Amino acid sequence: MCGIFALFAPTRSDDTRRAMLSALTRTLKHRGPDHQGEWHDDTSRLGLGQRRLAIVDLSPDGQQPMLSATRRYIISFNGEIYNFGSLRDELRTHGVVFRGRSDTEVLLAAIEQWGLNTTCQKINGMFAIILYDQQERTLHLIRDRFGKKPLYFGWAGPDFLCASELKPFLAHPDFKRDISEQGLAHYLRLGWIPGPHCIFDGIQMLLPGSRVMMDLKT
């Protein structure tokens, strides 16, 4: 149950954005007590964070955010790819060499080898993925078909946030805790809030089997 987080802060200074990323990622400590990882790109004003619960690969080779072999892609990933072993064997036939044993590394190698669309069709598992393509400068949010792993996204003042749960939003100094009328109505009628709705205005839950792409070039 790792915690993943992304912060796009186009109007913040580099130092402020880095400090915010670190502080807001720490709000997910309960989801991953083993390690806090952070990655920053001052050009795109983007940062990715992760709180790790080590399961598949307990070594530092499995720590995230993780860069792909060519450094084109950076990922913050929560979940498990059930068929990563067979995918790793297939990738080895293409000459891919792995440094560790994590499904995260296999996922990145698959994206580099086959592209994101084909990889999403090949993988089986439960997952929420935050992926940044440094070449295209595009941010991708991806959720598994059954929606086992949650992923929320939206704006807090001038900043775009994406996280495994709402705690980073609540800790953001510019987040307005306005209650969503639709979200509240769903809760009162159903006892829970179905996606893409959320209890707060301006925040959405990514639907199962869905992807969102954000272009950071503009």
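Above this note sits the structure.
For clarity, every value in this text was computed on a predicted model and none was experimentally measured. (Residues numbered from 1 in each chain as written. Predicted model: local features only at pLDDT ≥ 70, side-chain atom pairs only at ≥ 80, totals over all residues. Heavy atoms only, no water.)

What to know about the packing of aromatic side chains
- Tallied over the full model, the rule gives five aromatic pairs.
- Between phenylalanine 153 and phenylalanine 160, the aromatic rings sit 6.4 Å apart at their centres with planes inclined by 45°, giving tilted as the arrangement.
- With relative accessibility at 12%, the residue phenylalanine 153 sits in the buried group.
- For phenylalanine 160, a relative accessible area of 7% puts it in the buried group.
- Through successive ring pairs, a cluster of aromatic residues spans Phe153, Trp155 and Phe160.
- Lying over the aromatic face of tryptophan 114, lysine 122 brings its terminal NZ or CZ to 4.4 Å of the ring centre. (Phe/Tyr/Trp six-rings, centres within 6.5 Å; stacked < 30°, edge-to-face > 60°. Buried < 20%, exposed > 50% of the residue type's maximum accessible area, 1.4 Å probe, protein only. Lys NZ or Arg CZ within 6 Å of the ring centre and 35° of its normal.)

Re the pattern of salt bridges
- Evaluated as defined, the whole model comprises twelve salt bridges.
- The salt bridge partner of aspartate 133 is arginine 72, with a shortest N-O separation of 2.8 Å. Of the two residues, aspartate 133 sits in strand β6 (residues 125–133) while arginine 72 sits in the loop between β4 (66–67) and β5 (73–81), which places them 61 residues apart along the sequence.
- Using a relative accessible area of 24% as the deciding quantity, one classes arginine 72 as partly exposed.
- Between arginine 99 and glutamate 105 there is a salt bridge, with the nearest N and O atoms lying 3.8 Å from each other.
- When salt bridges that share partners are traced, they join Asp14, Arg17, Arg18, Asp42 and Arg45 into one network. (Salt bridge = Lys/Arg side-chain N within 4 Å of Asp/Glu carboxyl O. Helix = DSSP H or I, 4+ residues; strand = E, 2+ residues; numbered from the N terminus.)

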